Amino acid sequence: MTRFAIIGFGEVGGIFARDLRARGAGEIHAYDIAEAARGRAAEAGATVHDSAPAAAAAADVVFVPVTAGSALAAAQSLAGGLGHAPFVVDVNSVSPATKQAAAQAVQAAGGRYVEAAVMASVPPKGLRSPILLGGPDAEAFKALMAPFGMDLTIFPGPIGKASSVKMCRSVMVKGLEALTTECMLAARHYGVEQEVLRSLSDTLPHEDWRGLARYVISRALIHGKRRAEEMREVARTVQEAGIDPLLSAPIAERQDWAAARGRAMSKAQLATTDLDELLDGIAAATPPRAAAE
């Protein structure tokens, strides 16, 4: 039976562990630098190790779902646990150059690096989220995971090519979150949010602009820190293409801003399905100086 390790037991790591177990995975090993995350891993039935190499050494497939800012360090931390040549599946949203550096670190330590670009939010579909795979070991990994029902597509080209698709997409997706947040907060201040939403529905047809606005704004409030790190990798991707990241870099700032507001809001405020309540909660969590800025 295939043995799995998850390095980084946050939201994505927890979902992957849950779905792997449901699909018959016999062994799930885990490591996280945070004590609370290690506790969640133990509660989920994973065997928790004292180090990343120890967890990797016990597995045939090592998933690495950490934050974008920690992706390269996480790959490098596996050295010493890859001598048996496991697949190391890097699902982090980082630039092509960062993926290439992570691949070099994994391959030098004996592992088989698999680039994985997750092309949708993980919570709705979990392990079945669409993923583009890259690298010389992608085909073998896909074949191994056939019993687990993953939605895997081989993307041809060198390591980094698949991630360039994800990074370019994120300019739009994370940018929409930032733009919607800024747009609706200003509209709420002037009392014209209904008119703005009506105009948006005419210009950019969507069956429920109000619901869409609430959803994308709440995602930034809850996951803004992780999204900001990803957007800095996006800005790096854009810059490596010879294009000034005039929009990508500020999107990261707005995501950081949203994360700070989210930390100051209650769970009930963050979970509300009412756009007005959400906007009022953000306004109440915004210090006067930050509001003026």
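Residues numbered from 1 in each chain as written. Predicted model: local features only at pLDDT ≥ 70, side-chain atom pairs only at ≥ 80, totals over all residues. Heavy atoms only, no water.

Looking at an unreviewed UniProt entry, the chain carries the name NAD(P)-dependent oxidoreductase, with the source organism given as Roseomonas marmotae.

Asks: Break down the overall build of the chain for me, citing the residues and quoting the values.
Replies: Looking only at helices and strands, the chain features 14 helices and eight strands. Relative to a compact globule of 293 residues, whose C-alpha radius of gyration would be 19 Å, the chain shows 20 Å and is just as compact. If one aligns the C-alpha atoms of the chain with their principal axes, the spans along those axes are about 60 × 45 × 35 Å. For the chain, with 293 residues in total, the buried portion stands at 48%. (Helix = DSSP H or I, 4+ residues; strand = E, 2+ residues; numbered from the N terminus. Rg over C-alpha atoms; globule rule 2.2 N^0.38 Å. Buried < 20%, exposed > 50% of the residue type's maximum accessible area, 1.4 Å probe, protein only.)

Asks: Could you give me a rundown of the sheet that holds strand E3 (residues 47–48), with the residues and numbers involved?
Replies: What the eight strands build is an open sheet, ordered E3-E2-E1-E4-E5-E6-E7-E8; its pairing is mixed. The open sheet has two edge strands, E3 and strand E8 (152–154), and neither has a second partner. Two elements, strand E2 (residues 27–31) and E3, share two bridges in a ladder whose sense is parallel. Across the sheet, the residue bridging to His-29 is Thr-47, located in E3. This element, helix H8 (residues 161–190), spans strand E6 (112–118) and strand E7 (131–134) of the sheet and lies at about 25° to E6. (Pairing = 2+ DSSP bridges. Contact = heavy atoms within 4.5 Å. Axes fitted to C-alpha atoms, helices over the stretch in contact; angles between N-to-C directions.)

Asks: Explain the packing of aromatic side chains residue by residue, including any values.
Replies: In this structure the tally under the stated criterion is five aromatic pairs. Where Phe-4 meets Phe-63, the ring centres are 6.2 Å apart and the plane angle is 15°; that geometry is what we call stacked. Taken together, the residues Phe-4 in strand E1 (residues 3–7) and Phe-63 in strand E4 (residues 61–64) connect sequence positions 59 residues apart. The same class applies to Phe-4 and to Phe-63, which are both buried. Look at Phe-63 and Phe-141: their rings are 6.3 Å apart centre to centre, the planes differ by 75°, and that puts the pair in the edge-to-face class. You can see Phe-63 sitting in strand E4 and its partner Phe-141 sitting in helix H7 (residues 138–144), a full 78 residues away along the chain. One exposure class covers both Phe-63 and Phe-141, and it is buried. By way of ring pairs, the aromatic residues Phe-4, Phe-16, Phe-63, Phe-87, Phe-141 and Phe-148 are connected into one cluster. The ring of Phe-87 is capped by Arg-112, whose NZ or CZ atom sits 3.9 Å from the centre of that ring. (Phe/Tyr/Trp six-rings, centres within 6.5 Å; stacked < 30°, edge-to-face > 60°. Lys NZ or Arg CZ within 6 Å of the ring centre and 35° of its normal.)

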